[in-house]
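Remarks on the overall topology
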Amino acid sequence: MTTTSATPEQTDGFHLVLDALKLNGLETIYALPGIPITDLTRMAQREGLRVISFRHEQHAGNAAAAAGYLTGKPGICLTVSAPGFLNGLTALANATTNCFPMILISGSSEREIVDLQQGDYEEMDQLAIAKPLCKAAYRVLHAEDIGVGIARAIRSAVSGRPGGVYLDLPAKLFAQTMDAVKGKHSLIKVVDPAPKQLPAPEAVQRALDLLKTAKRPLILLGKGASYARADEEVRALVEKTGIPYLPMSMAKGLLPDTHDQSASAARSYVLEQADVVVLVGARLNWLLSHGKGKTWGAANGPKKFIQIDISPTEMDSNVAIEAPVVGDIGSCVAALNAGIGSNWAKPPSDWTGAIAERKDKNLTKMAETLAKNPAPMNFHSALNVVRNIVKARPDAIVVNEGANTLDFTRSIVDMYEPRKRLDVGTWGIMGIGMGFSVAAAVETGKPVIAIEGDSAFGFSGMEVETICRYNLPVCVVVFNNNGVYKGTDVNPLGGDVAPTVFVKGARYDLMMQAFGGVGVTATTPAELDKAMNEALASGKPTLINAIIDETAGTESGRITSLNPAAALKK
Ligand code: ADP
């Protein structure tokens, strides 16, 4: 039985939290119930909010982060104190790193006991621990401050560079009562939570002047550009200028990967050769080799960068930025577009021609590889199936994690629509799979295809029960090659199996069957195609155990060089 201390004329902390969320259009909570928030989850459901309950807080947190990215509103994750909070914290830190807006709300122990370290139930100074790992952290001690606390959390999560916010709600707060009318008036409906930030006209002019001098220009689209929902402006920038573009992983589909100006199939060439690069919502971090070195053709001399970003301190973080354009992407790209008249000179044809030539060559080579049908399947033959399925269902959301499974899927499976690809993000983290899949299905109602390495799947695999419980249209494909990277490592001393090896022939499909979903094993592309089509047609939770050659796959996929031992071999 749910208890509340409020009389009809009174309200309490529980209701104020829920009313504040509802007032701000935050109606889905990704949670894991327990002391002191169990009643809050029950009341939330009774008040008409949707509560999606998980098996581990990290996955609830990842779901909230993905919801934030997909909707532009902060995703809400609700956890218990200490251990639950810590489990959610990984997702909060990851969301902040990815610039996804979310709010982690955790119940906490009593301040008086925590601060004197007297050993309360799940005692922990959660606010202090969360602070360095997120964009902002707040604690509310009085019921009348709940409205302000939630308003501050929302603004912090979505304004400027988006990120994760921690909101600490001590157990005692929920049972505090106050006059219902006063309580209602204490709530804040946040007006314009992510205000536009217009770029300075001189910054726009500086960027246009530099772009005009380019002989080999390139536009690089990052997940900030996808998040910004400036799809038409970005497309206009690319098409009006005629400049080749490269999408970062989660910007795939912002323009269809099959677009004529996509330079994805000539990636190394364009990064090496470009002379002026326009970064749109992409950081020059490790994913872009920090903007320097061999990848960027250092031998050809330094590049000139135009960077569009909402965060002024992102500029010059790795290399000099000649033309910083600070503001929201919609406003910045619109301002650039306004300065690009119909007489804008398209890039020289020797540049676009050289790119087209390389693209053709690489695409032909790829088509030959994809057409092969080896037994057992390898990454390519299995992903050729996924590629065709996504082509036929461009509205489906692809969630993708793993090492080789990630790398190959990113390059083989074309995306056609914005914000349809969710993956390991800036950290290259494992474990986002099922959390992101749940949120993608809940927030969009679209089919979700999760392409998972067998190792990556293990981090969140228990959430297949969550997928079944809410009957979500998620089709998980586990690329099963018996281990991390591959399944053939051997312990030279005998005894235990090698650290990277799993149980051979594991039946991941039975995990989904255990909870009432559909589980299938696929050993050929034809079987995989049939199972995926059936999953998409039925919308039933499905797990396909796709058997991949256990010798396929390389150590750490494409980032082998980051292993310390690789440096010793140099
Ligand atoms: P990727 O990993 O795809 O290269 P990053 O996560 O490195 O992308 O970069 C995203 C960038 O986009 C961040 O620097 C962030 O500040 C920026 N950003 C996010 N949202 C907006 C927005 N609405 N307007 C402008 N910049 C944004």
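Before going further, it helps to examine the overall build of the protein chain. Of the regular secondary structure elements, the protein chain holds 23 helices and 19 strands. The C-alpha radius of gyration of the protein chain comes to 25 Å, within 12% of the 25 Å expected for a compact globule of 570 residues. With the C-alpha coordinates aligned to their principal axes, the bounding extent of the protein chain is approximately 75 × 65 × 50 Å. Looking at the protein chain as a whole, 56% of its 570 residues qualify as buried. Residue pairs at least 24 apart in sequence account for 77% of intrachain contacts in the protein chain once pairs closer than 6 positions are excluded.

As a further point, take the nonpolar core. Grouped together as the largest cluster of nonpolar side chains are 93 residues, with contacts concentrated most on Ile29, Tyr30, Ile103, Tyr166, Leu422 and Val476. Looking at which element gives the most residues to this core, the answer is helix α3 (residues 57-71), with eight residues. Summarising the domain contributions, this core has at least three residues from each of domain 1 (10-186) and domain 3 (372-569). Excluding residues within four positions of it along the chain, Tyr166 makes contact with Phe85, Leu92, Leu104, Ser106, Gln126, Leu127, Ala130, Cys134, Ala136, Ala137 and Tyr138. Counting residues in each nonpolar core, the second largest holds 31 residues, with Ile219, Ile306, Cys332 and Trp344 among its members.

Now for the packing of aromatic side chains. In this structure the tally under the stated criterion is 10 aromatic pairs. A network of ring pairs unites the aromatic residues Tyr69, Phe100 and Tyr227 as a single cluster. Taking NZ or CZ as reference, Arg229 lies 5.3 Å from the ring centre of Tyr227, over its face. Its guanidinium or amino end placed over the ring of Phe408, Arg558 lies 5.9 Å from that ring's centre, counting from NZ or CZ.

Position of Gln58 among the secondary structure elements: in helix α3. Gln58 gets classed as buried once you look at its relative accessible area, which sits at 18%. Beyond its immediate stretch of four places on either side in the chain, Gln58 contacts Asn87, Gly88, Thr90 and Ala91.

Attention now moves to the domain arrangement of the protein chain. Domain parsing of the protein chain yields domain 1 (10-186), domain 2 (201-356) and domain 3 (372-569). The C-alpha centroid of domain 3 is placed 31 Å from the C-alpha centroid of domain 1. Contact with domain 1, which involves 23 residues of that partner, is made by 24 residues of domain 3. Interface area for domain 1 against domain 3, summed over the two sides, is near 2100 Å², with a carbon-plus-sulfur share of 63%. Three residues, Arg55, His59 and Leu70, lead the burial of domain 1 against domain 3; their summed loss comes to 28% of the area buried on that side. Counting across the domain 1 and domain 3 interface gives one salt bridge. Arg55 serves as the salt-bridge partner of Glu465, at 2.9 Å between the closest nitrogen and oxygen. For the pair domain 1 and domain 3, the interface holds 10 residue pairs in polar contact (both at pLDDT 80 or more).

Looking now at a nonpolar patch on the surface. The grouping of Trp286, Leu287, Ile559 and Leu562 at the surface amounts to a nonpolar patch, some 340 Å² of accessible area in total. Looking at where Trp286 falls in the secondary structure, it is placed in the loop between β11 (276-280) and β12 (304-309).

The subject of this paragraph is α3. Look at α3: 21 Å from first C-alpha to last across 15 residues, which is about the 21 Å you get at 1.5 Å a residue. Most of α3 is tucked away: 14 of the 15 residues are buried. Count one or two residues on from α3 and you reach Gly72, which has phi positive near 80 degrees.

Next up on the list: the environment of Leu568. Mapped onto the elements of the fold, Leu568 is located in helix α23 (residues 564-569). The sequence separation of Leu568 and Glu144 amounts to 424 residues, and the corresponding C-alpha distance is 60 Å.

This paragraph deals with the site of the ligand. Near the ligand there are 20 residues, and of these Arg161, Lys223, Arg283, Asp309 and Ile329 occur at the shortest range. Between Arg161 and the ligand, the recorded distance is 2.8 Å, taken from a side-chain N or O atom to an oxygen atom. Lys223 places a main-chain nitrogen or oxygen 2.7 Å from an oxygen atom of the ligand. Considering the ligand on its own, with 580 Å² of exposed area, one finds that the protein chains cover 96% of that surface. Tallying contributions element by element places helix α11 (residues 223-227) first for the shell around the ligand, with three residues. Shared between two domains, the shell around the ligand holds at least three residues of each, these being domain 1 (10-186) and domain 2 (201-356).

On to the layout of surface pockets, then. In this structure, the second largest pocket encloses a volume near 150 Å³. What lines the second largest pocket is simply Leu211, Lys212, Ala214, Pro217, Thr241, Ile243, Trp344, Ala345, Lys346, Pro347 and Pro348. Split into classes, the residues belonging to the lining of the second largest pocket amount to eight nonpolar, one polar and two charged.

All right, on to the pairing of strand β19 (residues 542-547) then. Within β19, five of the six residues are buried, which leaves it mostly tucked inside the rest of the structure. In this sheet, β19 lies alongside strand β17 (residues 474-480) in parallel orientation, the contact comprising six bridges. What sits directly across from Phe479, in β19, is Ala546. Here five bridges tie strand β18 (residues 518-522) to β19, and the two strands are oriented parallel to one another. Considered in β19, the bridge of Thr521 is made with Asn545. Crossover β18 to β19 through helix α22 (residues 525-538) is right-handed.

What counts, and at which threshold
- Residues numbered from 1 in each chain as written.
- Predicted model: local features only at pLDDT ≥ 70, side-chain atom pairs only at ≥ 80, totals over all residues.
- Heavy atoms only, no water.
- Helix = DSSP H or I, 4+ residues; strand = E, 2+ residues; numbered from the N terminus.
- Rg over C-alpha atoms; globule rule 2.2 N^0.38 Å.
- Buried < 20%, exposed > 50% of the residue type's maximum accessible area, 1.4 Å probe, protein only.
- Contact = heavy atoms within 4.5 Å.
- Core = buried A, V, L, I, M, F, W, Y, C linked by side-chain atoms within 4.5 Å.
- Domains from an automatic or database assignment.
- Phe/Tyr/Trp six-rings, centres within 6.5 Å; stacked < 30°, edge-to-face > 60°.
- Lys NZ or Arg CZ within 6 Å of the ring centre and 35° of its normal.
- Buried area = accessible area lost by both parts, 1.4 Å probe.
- Salt bridge = Lys/Arg side-chain N within 4 Å of Asp/Glu carboxyl O.
- Polar contact = N/O pair within 3.5 Å; in protein donor to acceptor, adjacent residues only side chain to side chain.
- Patch = residues over 30% accessible without salt bridge, like charges linked within 9 Å, V, L, I, M, F, W, Y side chains within 5 Å.
- Areas by Shrake-Rupley, 256 points an atom, 1.4 Å probe, with all protein chains shown as cover.
- Expected span 1.5 Å × (residues − 1).
- Near = heavy atom within 4 Å.
- 1 Å grid on protein atoms, 1.4 Å probe; cavity = no way out; pocket = protein on both sides within 12 Å on 5 of 7 lines; lining within 4 Å.
- Points joined across faces, edges and corners; volume = space filled by probe spheres on them.
- Nonpolar A, V, L, I, M, F, W, Y, C, P; charged D, E, K, R; others polar.
- Pairing = 2+ DSSP bridges.
- Right-handed = clockwise from strand over helix to strand, strands pointing away.

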